[in-house]
Amino acid sequence: MSTADPEKQRTRNLKQEGWRWELLLSPQTKVTAPSLSKALEEVKTTLGQDAIIVATEERDGEIILTAMPKENLKSFSVSPSESSSGPLYSDALSAIKAVCDICDTHQLGHTFCDQWLKELSRDFSVMPVGITRSLAAIVPFCSSWIEEVSARQPIILVGPPGSGKTVMLAKIAAVLLSQKRKIKVLTLDTVKAGGALQLQSYLEAMNQKLLIGETHLKSVLESCDFLENDEVVLIDTPGINIMNEEDQNFLYRFSHEVNSPLTLVLGADMNPIDAEEIAKNFYFFNTRYLVTTRMDMTKRYGGFLNAAMACSLQIIAYSNTPTIGDGLHSLAVDQMIEYLRPAG
Ligand SMILES: Nc1nc2c(ncn2[C@@H]2O[C@H](COP(=O)(O)OP(=O)(O)OP(=O)(O)O)[C@@H](O)[C@H]2O)c(=O)[nH]1
Ligand SMILES: [Mg+2]
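Scoring rules and cut-offs
- Residues numbered from 1 in each chain as written.
- Chains lettered and ligands numbered in written order.
- Predicted model: local features only at pLDDT ≥ 70, side-chain atom pairs only at ≥ 80, totals over all residues.
- Heavy atoms only, no water.
- Helix = DSSP H or I, 4+ residues; strand = E, 2+ residues; numbered from the N terminus.
- Buried < 20%, exposed > 50% of the residue type's maximum accessible area, 1.4 Å probe, protein only.
- Contact = heavy atoms within 4.5 Å.
- Areas by Shrake-Rupley, 256 points an atom, 1.4 Å probe, with all protein chains shown as cover.
- Near = heavy atom within 4 Å.
- Polar contact = N/O pair within 3.5 Å; in protein donor to acceptor, adjacent residues only side chain to side chain.
- pLDDT = per-residue confidence, 0-100.
- Arc of directions from axis to C-beta.
- Core = buried A, V, L, I, M, F, W, Y, C linked by side-chain atoms within 4.5 Å.
- Salt bridge = Lys/Arg side-chain N within 4 Å of Asp/Glu carboxyl O.
- Axes fitted to C-alpha atoms, helices over the stretch in contact; angles between N-to-C directions.
- Parallel < 35°, antiparallel > 145°, perpendicular 65-115°, else oblique.
- Left-handed = near helix turned anticlockwise from the far one by under 90°.
- Nonpolar A, V, L, I, M, F, W, Y, C, P; charged D, E, K, R; others polar.
- Expected span 1.5 Å × (residues − 1).
- Phe/Tyr/Trp six-rings, centres within 6.5 Å; stacked < 30°, edge-to-face > 60°.
- Pairing = 2+ DSSP bridges.

Peer 1: Which residues make up the overall build of the protein, and what are the values?
Peer 2: When helices and strands are counted, the protein shows 13 helices and 12 strands. By residue count, 48% of the 344 residues in the protein fall in the buried class. Across the protein, contacts joining residues at least 24 apart in sequence account for 75% of those joining residues at least 6 apart. Here the protein displays about 16600 Å² of accessible surface, and carbon together with sulfur accounts for 51% of that area.

In C-alpha cells:
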C-alpha cells in the first residue's frame, strides 16, 4: 500500500529524470582492461581516487568501466526538503557554532563540517537561521522510503560482515507484511555456517519461505518484471570485506548481474573514517542507499552521516534494536538534528 502523494511523486520523478539527463551529459571516461582490479586501478589513476563508476560491462573477456570524476557527483544529489524546521539561531555566528559543536561531538571531519557551513552560509540573509535545510542539502534523507517501496526494484542488502544485514532484512520483511505487501525473499549467504538458517527462522515466524542460493537469483530478479505480481523482492547477501579482492570480485559480478541499486548496511557505531572508506568502495559497485543499524549502541552518529555525505547515499532507514518485531524506523532530517544536538 502506498501513501505517496501523487504530486510529490511526480515532482520526484521529474527530478530523477533531470538527474539522469545530467548524468548522461556529464563527461565520462571508458576504461578497458583484462581484469577488474586493473580496470579500477586505471580509473583511479586517470580520474582520481574518488572516481565514480557509472557502468560496468564485460566483453570478449575484458572489463569495460565507464567512470566520471567525483566532482560530477553533484548531479546525483537529492534536493533538500522544501520546508526547513528545527532549531533556530538568532545570528549567523550562533548557527555556525552549533554546527561546529555537532561536528565535533559526532566526530564529523573537516570535509563534512566545511560542506555544512558552506551550505549554511546560503541561509544567512534571513534571520533567525536554521541548520536543518543545510544538513538536508548535503546528506540525502529519504524518510518515506518504506511506504513507497516498489515491486519493480529489488531490495538488496550488502555490507561488511556483522553489520546487521540479516536482522534488517527480516525487519523490512515484517514491515512490508504488516502493510499487506507480498514478499519474495532470497539469501545468497551460503558462506557463513547458519547464515541462511538465521533468516529462515525469522521468516518461519512470519509464515514466509526462504529461497537459498545463487541458482534462484535469475528467476527472482525476473519476477520483478511482472508488475501484476506486486511482490517485493528482498535479497540478503554474505558479509563482504570490501578490502579483499575476492570479495570485490563477488560484488562486481553480483552488482552486474542484478543491475539494480544496492543498499549498504552500516553499523552506526562505526568510526567516520572507516565508514566513509567502506561506503566509497561499495559505491563503486552501484550502492546508492544506506541503512544504519545499532543506533542504540552509540551516541555519536558521525559514521553513517559521513558515509552518506561522501557518496550521496540516500539514508532510507535505521534500526535501534536486535529484535525483529521492533521494526525499522525512517529517518527525517529534523529528527536527525534532534539526535545530533546535545541534550538539555
Ligand atoms: N543492539 C542492536 N543489535 C543489532 C541491531 N541490528 C542487528 N543487531 C545485532 O548485530 C548482530 C549481527 O546482525 P546480523 O543481522 O546477523 O548481521 P549480518 O550483517 O547479517 O552478519 P553476516 O551475515 O555475518 O555478515 C546480531 O547479534 C544482531 O542481533 C540493532 O539495531 N541494535
Ligand atoms: Mg547475515
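Peer 1: Account for the site of ligand 1, with residues named and values stated.
Peer 2: If you check the shell around ligand 1, you find 18 residues, and the closest are Lys165, Thr166, Lys192, Asp296 and Ser319. Taking Gly162, its main chain carries an N or O atom lying 3.0 Å from an oxygen atom of ligand 1. Between ligand 1 and Ser163 there is a distance of 3.1 Å, counted from an oxygen atom to a backbone nitrogen or oxygen. Protein burial of ligand 1: of its 650 Å² of free accessible surface, 80% is covered by the chains.

Peer 1: Help me get a handle on the confidence of the model for the protein, residues and values and all.
Peer 2: Here the protein averages 84 in pLDDT, while 83% of its residues score no lower than 70. Segment residues 73-83 is flagged for pLDDT under 50; beyond a separation of four residues in sequence, or across chains, it makes 27 contacts in the model.

Peer 1: Tell me what's going on with helix H4 (residues 110-120), and back it up with residues and numbers.
Peer 2: Those residues of H4 that sit buried are Phe112, Cys113, Trp116, Glu119 and Leu120. Projected down its long axis, H4 shows its buried positions confined to an angular sector of 135°, all on one face. The exposed residues of H4 that point more than 90 degrees off its buried face are His110, Thr111 and Lys118. On its buried face, H4 sits against helix H3 (92-105), strand E5 (129-130), helix H5 (132-138), helix H12 (302-311) and helix H13 (333-340).

Peer 1: Tell me about the side chain of Arg133, and please be specific about residues and values.
Peer 2: Locating Arg133 in the fold gives a position in helix H5. Relative accessible area serves as the criterion here: at 19%, Arg133 is assigned to the buried category. Of the polar contacts made by the side chain of Arg133, one reaches the side chain of Glu119; its length is 2.9 Å.

Peer 1: Outline the nonpolar core, listing residues and values.
Peer 2: Counting 74 residues, the largest nonpolar core has Phe112, Trp116, Leu135, Val139, Phe254, Phe304 and Leu305 as its most contacted members. If one sorts the elements of this core by residue count, H12 sits on top with seven residues. Every residue in contact with Phe304, bar those within four places of it in the chain, is listed here: Ala268, Leu290, Thr292, Met295, Ile315, Leu331 and Met336. Leu176, Leu199, Leu210 and Ala317 belong to the second-largest nonpolar core, a separate cluster that totals 29 residues.

Peer 1: Go over the pattern of salt bridges, please, and point to the residues and values.
Peer 2: Summed over the entire model, instances satisfying the criterion amount to 10 salt bridges. In this structure, Asp123 and Arg133 form a salt bridge, with 3.0 Å as the shortest nitrogen-oxygen distance. With Asp123 in the loop between H4 and E5 and Arg133 in helix H5, the pair connects residues that are 10 residues apart, well separated along the chain. Taking relative accessible area as the criterion, Asp123 reaches 18% and is therefore assigned buried. Note that Lys280 and Glu276 form a salt bridge whose closest N and O atoms lie 2.9 Å from each other. With Lys280 and Glu276 both in helix H11 (residues 272-283) and four residues apart, the pair spans about one turn of that helix. What makes Glu276 partly exposed here is its relative accessible area of 22%.

Peer 1: Before we move on, could you go through the packing of H3 against H4 and cite the residues and values that matter?
Peer 2: Here H3 crosses H4 at 160°, and the two axes come no closer than 10 Å. Here H3 lies roughly antiparallel to H4, going by the angle between them. For the pair H3 and H4, the sense of crossing is right-handed. Note on element contacts: H4 touches H3 through Phe112, Cys113, Trp116, Leu117 and Leu120, opposite Ala95, Ile96, Val99, Cys100, Ile102 and Cys103. In terms of residue class, the contact of H3 with H4 is built from 11 nonpolar, no polar and no charged.

Peer 1: Could you give an account of H11, naming the residues involved and the relevant values?
Peer 2: Helix length check: H11 (12 residues) gives 16 Å between terminal C-alpha atoms against 16 Å at 1.5 Å per residue, within 8%. Among the residues of H11, those classed as buried are Pro272, Ala275, Ile278, Ala279, Asn281, Phe282 and Tyr283. Sitting at the amino-terminal end of H11 is Asn271, which places a side-chain oxygen 2.9 Å from the backbone nitrogen of Ile273.

Peer 1: Please give an account of the packing of aromatic side chains that cites residues and values.
Peer 2: Enumeration over the complete set of coordinates arrives at six aromatic pairs. Their ring planes at 90° and their centres at 6.1 Å tell us that Tyr318 and Tyr339 sit as a pair that is edge-to-face. Placement of Tyr318 in strand E12 (residues 314-318) and of Tyr339 in helix H13 is noted, with a sequence separation of 21 residues between them. Overall, the relative accessible area of 31% leaves Tyr339 in the partly exposed class.

Peer 1: Any chance you could break down the environment of Gln107 for me, citing the residues and the numbers?
Peer 2: Note that Gln107 resides in the loop between H3 and H4. Ignoring sequence-local partners within four residues, the contact set of Gln107 consists of Pro272 and Arg300.

Peer 1: Outline the sheet that holds strand E7 (residues 182-187), listing residues and values.
Peer 2: Pairing within the open sheet is parallel, and its seven strands lie in the order E8-E7-E9-E6-E10-E11-E12. In this open sheet, the two edge strands, each paired with only one partner strand, are strand E8 (210-212) and E12. Looking at each pair of strands side by side, their axes are set apart by 25° on average, direction ignored. Across four bridges, strand E11 (residues 287-293) lies against E12 in parallel orientation. The residue bridging Tyr289 from the neighbouring strand is Gln314, located in E12.

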